[in-house]
Amino acid sequence: MAPAIMTRFTDTFSRGPALVCFITAGDGDTAANLDAMVEGGADVIELGMPFTDPMADGPAIQNANIRSLGKETKTADVLQIATDFRARHPDVPLVLMGYANPMIRRGPEWFADAAEKAGVDGVICVDLAPEEDEDLGPALRAKGIAPIRLATPTTDEARLPMVLDKSAGFLYYVSVAGITGKQSAALADIKSNVSRIKQHTDLPVAVGFGVRTPEQAEAIAKVADGVVVGSALVEIVAEHGENAPQHLCALVEKLANAVHSAR
Amino acid sequence: MTENKPNSFRNQPDDRGHFGQFGGRYVAETLMPLILGLEKEYKAAKEDPAFKAEFDDLLEHYVGRPSPMYFAPRLTEELGGAQIWFKRDELNHTGAHKINNCIGQILLAIRMGKTRIIAETGAGQHGVATATVCARFGLPCIVYMGAEDVRRQSPNVFRMKLLGAEVRPVTAGRGTLKDAMNEALRDWVANVHDTFYIIGTAAGPHPYPELVRDFQSVIGKEARAQLLERTGKLPDLLVAAIGGGSNAIGLFHPFLDDPTVKMLGVEAAGHGLDGDEHAASLAGGFPGVLHGNKTYLLQDEDGQITEGHSISAGLDYPGIGPEHAWLKETGRVEYTHATDTEALEAFQLLCRTEGIIPALEPSHAIAAITKVAPTMPKDAIICANLCGRGDKDIFTVAEALGVEM
Ligand SMILES: Cc1ncc(COP(=O)(O)O)c(C=O)c1O
């Protein structure tokens, strides 16, 4: 693994519970929105790669994908946004999140190489089951990029080792069996699932899906290593357009304070 | 890896659900345990004589199988070449081949203790077939259907409602089959504990392409026996239309290891392959990943899926079942295409010459036959899958022909 990349994740999570913020690339003024989230206190950035068929996403993120593609966002634009972000924020871990097809279209090596050059630390490929790892995993690992895997409430004990095998960076625990959006899980379930997962891995465990408020974020930060917020931020971008940065910064600040208070 | 000369074309997929480089299981983690459970259950069901007995019994007494094998004398004469035979799956209960697969899948759902059924539909034939088996077994049924398809296939929407299903129109994208499938997958991810997803074509994550093919193979098994009995030999050419590829693989699969039998799959060329308005993923697409499997897809250089077009709602899908992608690469099956206009002409030709109103989907197969039959000798035998009847399409056809109804 390339040292710089792993260091960014390790440094970040070693400071205690981290706030992971997701927005879709090319939806709104992405550079300004990312800067606002970092200013508000985001510890890790997840940059969504738009896809025509976001099967695991609810209406908020689906619409963000549609808006972004409607403005003709290309893979090259997403990579440029990442490159520019890395230049402005040398220490903030940056993760690309999306679906397999745009990632493998030009070949996994091409994508891994481009992502590395853009300063990307990790990749979450929503529809790439560990069973199909060879389509992308080896290429990412060869470039020192962390393939970040998802575990869900349906990932049972027997399956966890396979999910964790060859995953890196952090583990993303999807707390609801469902799509991204408004539905949220009971804290007790999150707590027991996170501790179950932690028996199998030393990787930090970040919890996402349905986290919208500082109260939720604080409660989850007490039982996990990270809290992922997506739809709530994407909705701000949708609602406020060019004025989104100030609103994003305000919400992220509250979320970050809540998460960091558990440190 | 694709083998150059496999010993058999009938031993796919491998144990990970791969047909050569195609197929596989590309789904969100939430679905993976369920997909693995389904695979296990399907393996057990295949070995269970009681499962097969119930499937066969329902196909015989509920669906009306075996479907006839019909020699089409006037069409044969009109085209002046090979003898044309039709496997008449349009005479099945509900009017298409789709019911064969639905019977198999609902029996699996019941075996797995699932109490809620979801499905996607394009033309509405699979939706009607799913609503039918749900009524038959008393399970609630939700059908996702693109808003555009709801419009152009309104008779089927009403049929589904009569059968007690809830039809949920999907407005995302162009509002066709692909978007309906996305929405069905979203429902499934959120309801894995009690829901079974009855996929309507030989695509999706493993084991769907395999089990749909197996359930639809009744078409080819019957056809093989019927043709041997009636003509004393195997056919020279099989022809079938391809949306996701279930009726085609159902006809082809039992013949794949008969080297003298040639096969032709017919994709929808819409307004023509030179533009974007078609649904021919093999002819105009590239390998990629969508809806749980790797296969040929209509897509741009960034891997964004492009929307297909066909006058036939059942063929209007930017992908194709992974086994067809593999059969294309191995060269075992040849694939061609027919435009909207050619399909419309073939539709009318069959009405006129044989007194059969075909669905627009198999009209594409008939269009291909009008080109190949005249080039073949008179003792050659073509067998085409007449996989659906045209009642559902009369409004679309009237509109295309400029007729006020
Ligand atoms: C009559 C008929 N034929 C063919 C198709 C296409 O599906 P497949 O290629 O899976 O047979 C459909 C789909 O709705 C259909 O209704």
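Residues numbered from 1 in each chain as written. Chains lettered and ligands numbered in written order. Predicted model: local features only at pLDDT ≥ 70, side-chain atom pairs only at ≥ 80, totals over all residues.

Regarding the site of the ligand
Residues and elements named next belong to chain B. Put simply, the rule reads: Near, as applied to residues and a molecule or strand, means the residue's backbone-placed C-beta atom lies within 6 Å of it. Runs of E in the DSSP output that reach at least two residues are strands. Runs of H or I that reach at least four are helices, and both are numbered from the N terminus. Nonpolar residues are Ala, Val, Leu, Ile, Met, Phe, Trp, Tyr, Cys and Pro. Charged residues are Asp, Glu, Lys and Arg, and all others, Gly as well, are polar. Where each domain starts and ends follows an automatic or database-derived domain assignment.
Neighbouring the ligand are 21 residues; Gly243, Ser246, Gly314, Glu361 and Gly388 lie closest to it. Those elements that place two or more of their residues in the shell around the ligand are helix H5 (125-137) and helix H11 (246-252). Among the elements that line the shell around the ligand, the one with the most residues is H11, at three residues. Across the shell around the ligand, the residue classes break down as eight nonpolar, eleven polar and two charged. In terms of domain composition, the shell around the ligand takes at least three residues from each of domain 1 (18-59 + 98-212) and domain 2 (65-95 + 217-400).

Points about the pairing of strand E11 (residues 286-290) of chain B
Counted only if it meets this: Any two strands with at least two DSSP bridges between them are considered paired.
By the bridge criterion, five bridges tie E11 of chain B to strand E12 (residues 292-297) of chain B in an arrangement that is antiparallel. Looking at E12 of chain B, one finds that phenylalanine 286 of chain B is bridged to leucine 297 of chain B.

Considerations on the nonpolar core
The line we're drawing: We define a nonpolar core as a collection of buried residues of the types Ala, Val, Leu, Ile, Met, Phe, Trp, Tyr and Cys that are connected via C-beta atoms lying within 7 Å of each other. Partly exposed residues are those whose C-beta has more than 12 but fewer than 20 other C-beta atoms within 10 Å; with 20 or more the residue is buried, with 12 or fewer it is exposed, and the C-beta atoms are placed from the backbone. By the convention adopted here, residues are in contact when the distance between their C-beta atoms, placed from the backbone, does not exceed 7 Å.
Formed by 222 residues in total, the largest nonpolar core has its most connected members in Cys21, Val227 and Leu233 of chain A together with Val239, Ala240, Ile382 and Ala384 of chain B. For this core, the element with the most residues is helix H12 (residues 244-260) of chain A, which contributes eight residues. Taken together, domain 1 (18-59 + 98-212) and domain 2 (65-95 + 217-400) of chain B each give at least three residues to this core, which thus spans both. Apart from the residues within four sequence positions on either side, alanine 240 of chain B is in contact with Asn247, Ala248, Leu251, Phe252, Gly265, Val266, Ala365, Ala384, Asn385 and Cys387 of chain B.

Topic: the interface of chain B and chain A
In this complex, chain B contributes 27 residues to the contact, which on the side of chain A involves 32 residues. Elements that contribute at least two residues to the side of chain B that touches chain A include exactly strand E2 (22-26), helix H1 (32-47), helix H8 (177-190) and E11 of chain B. Element by element, the count of residues in the side of chain B that touches chain A is highest for H8 of chain B, at six residues. Here the residues of the side of chain B that touches chain A are counted per class, giving 14 nonpolar, seven polar and six charged.

Observations concerning the sheet that holds strand E6 (residues 141-146) of chain B
Residues and elements named next belong to chain B. Where we set the bar: A fitted line through C-alpha atoms represents every axis, and for helices the fit uses only the stretch in contact; the resulting angles, taken between N-to-C directions, go from 0 to 180 degrees.
Strand order in the open sheet formed by four strands is E7-E6-E5-E8, with parallel pairing between adjacent strands. A single partner strand is all that each edge strand has here, and the edge strands are strand E7 (166-170) and strand E8 (195-197). Each strand of the sheet is rotated relative to its neighbour by a mean of 25 degrees, with strand direction disregarded. Bridging between E6 and E7 involves five bridges; their strand directions are parallel. Paired with valine 143 across the two strands is valine 167, which belongs to E7. Here H8 sits on the sheet and contacts strand E5 (116-121), E6, E7 and E8; the angle it forms with E5, its principal contact strand, is near 160 degrees.

So, the packing of helix H2 (residues 30-40) of chain A against H12 of chain A
Residue and element names in this part refer to chain A. The line we're drawing: An angle below 35 degrees is read as roughly parallel, one above 145 as roughly antiparallel, one from 65 to 115 as roughly perpendicular, and any other as oblique. With the far helix as reference, a near helix turned anticlockwise by less than a right angle produces a left-handed crossing, and one turned clockwise produces a right-handed crossing.
Closest axis-to-axis distance for the H2/H12 pair is 7 Å, and the angle between their directions is 30 degrees. When the axis of H2 is compared with that of H12, the two are roughly parallel. As for the relative orientation of H2 and H12, their crossing is right-handed in sense. Along the contact surface, H2 presents Ala32, Asn33, Ala36, Met37, Glu39 and Gly40, while H12 presents Ala244, Pro245, Gln246, Leu248, Cys249, Val252, Glu253 and Ala256. Looking at side-chain class alone, the contact of H2 with H12 contains nine nonpolar, three polar and two charged residues.

Details of the environment of arginine 151 of chain B
As for its placement among the helices and strands, arginine 151 of chain B is situated in helix H6 (residues 147-152). Placed 16 residues apart in sequence, arginine 151 of chain B and valine 167 of chain B show a C-alpha to C-alpha distance of 12 Å.

Observations regarding H8 of chain B
Rules: The span you would expect from a helix comes to 1.5 Å times its residue count less one.
The end-to-end C-alpha distance of H8 of chain B, which contains 14 residues, comes to 20 Å, matching closely the 20 Å that a straight helix rising 1.5 Å per residue would cover. Burial analysis of H8 of chain B places 13 of its 14 residues in the buried class, which makes it a mostly covered element.

A few points about the environment of asparagine 65 of chain A
Residue and element names in this part refer to chain A. Structurally, asparagine 65 can be placed in helix H3 (residues 59-70). The exposure class of asparagine 65 is buried, given the 27 C-beta atoms found within 10 Å. Each C-alpha atom, one on asparagine 65 and one on aspartate 53, is 8.7 Å from the other, the two residues being twelve residues apart in sequence.

Quick notes on the sheet that holds strand E8 (residues 205-208) of chain A
Through backbone hydrogen bonds, the strands of a sheet pair up, either in parallel or in antiparallel fashion. Residue and element names in this part refer to chain A. In spatial order, the strands read E5-E4-E3-E2-E1-E9-E8-E7-E6; together these nine strands make up an open sheet with parallel pairing. The open sheet terminates on both sides in strands that have one partner only, identified here as strand E5 (146-147) and strand E6 (150-151). As paired strands, E6 and strand E7 (residues 171-174) are joined by two bridges and run parallel to one another. Following the sheet pairing, alanine 151 is matched in E7 by tyrosine 173. Strands in contact with helix H9 (residues 187-198) are E6, E7 and E8; relative to E8, the strand with the most contacts, it is inclined by about 150 degrees. Sitting on the sheet, H12 is in contact with strand E1 (18-24) and strand E9 (226-229), with an inclination near 150 degrees to E1.

Overview of helix H14 (residues 340-354) of chain B
Residues and elements named next belong to chain B. Taking 1.5 Å per residue as the helical rise, H14 with its 15 residues ought to reach 21 Å, and the 21 Å between its terminal C-alpha atoms agrees with that figure. Listed in full, the buried residues belonging to H14 are Asp340, Ala343, Leu344, Ala346, Phe347, Leu349, Leu350 and Glu354. Lining the buried residues of H14 we find helix H3 (73-79), strand E10 (262-270), strand E13 (334-339), helix H15 (360-372) and helix H16 (394-400).

Things to note about the domain arrangement of chain B
When the parts of a complex come together, some accessible area is lost, and that lost area is often taken as the interface size. Residue and element names in this part refer to chain B. Domains assigned within chain B are domain 1 (18-59 + 98-212) and domain 2 (65-95 + 217-400). The centre of domain 1, based on its C-alpha atoms, is set 22 Å off from the matching centre of domain 2. Each partner contributes residues to the interface: domain 1 has 39 residues there, and domain 2 has 36 residues. Secondary-structure elements contributing two or more residues to the side of domain 1 that touches domain 2 are E2, helix H4 (98-111), H5, H6, helix H7 (154-162), H8 and helix H9 (208-216). Taken together, the residues that form the side of domain 1 that touches domain 2 break down as 17 nonpolar, 16 polar and six charged.

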